[in-house]
Amino acid sequence: MRLKLDLHDIYNKSRDLDRALHDIIDEAEATKAKTVEIIPGKGSGALKKRVLRFLDRKDIKARYHRVEKDSKNFGRVFVHFKY
């Protein structure tokens, strides 16, 4: 199972962005999803950096297996889970 989170609609709403990232991680754990696809978009890269910083937080990092930056699409990040 793969979940998808597109951040295009909330890129400039800081509180909504953090909530959406937390919610997708929670949902992935609850449904035992293998992969979460997060789409920050290409743009300047600032949103992608913010997503990667969020994923690198100690409390969040403990919840997933690994992060993969899509080599074919700069505006996409995969978060892999192992149960």
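Our subject is the structure listed above.
Rules and cut-offs
- Residues numbered from 1 in each chain as written.
- Predicted model: local features only at pLDDT ≥ 70, side-chain atom pairs only at ≥ 80, totals over all residues.
- Heavy atoms only, no water.
- Helix = DSSP H or I, 4+ residues; strand = E, 2+ residues; numbered from the N terminus.
- Rg over C-alpha atoms; globule rule 2.2 N^0.38 Å.
- Buried < 20%, exposed > 50% of the residue type's maximum accessible area, 1.4 Å probe, protein only.
- Contact = heavy atoms within 4.5 Å.
- Areas by Shrake-Rupley, 256 points an atom, 1.4 Å probe, with all protein chains shown as cover.
- Lys, Arg positive; Asp, Glu negative; His and termini not counted.
- Charge placed at Lys NZ, Arg CZ, Asp CG, Glu CD.
- Arc of directions from axis to C-beta.

**Regarding the overall build of the protein chain**
A count of helices and strands for the protein chain gives three helices and four strands. N-terminal to C-terminal, the α/β element order of the protein chain is β-α-β-α-α-β-β. Its C-alpha atoms give the protein chain a radius of gyration of 12 Å, within 12% of the compact-globule value 12 Å for 83 residues. Taken along the three principal axes of its C-alpha coordinates, the protein chain extends 35 × 30 × 20 Å. For the protein chain, with 83 residues in total, the buried portion stands at 40%. Partitioning the contacts of the protein chain with sequence separation of at least 6, the portion at a separation of at least 24 is 65%. Accessible surface for the protein chain amounts to roughly 5,400 Å². Of this, 48% is attributable to carbon and sulfur atoms. Charge centroids of the protein chain, computed over 21 positive and 13 negative side chains, lie 5 Å from each other.

**Points about helix α2 (residues 46-56)**
Taken together, the buried positions of α2 are occupied by L47, K48, V51, F54 and L55. Within α2, the buried residues cover an arc of 120° as seen down the axis, which keeps them to one side. In α2, the exposed positions angled more than 90 degrees off the buried face are occupied by K49 and R53.

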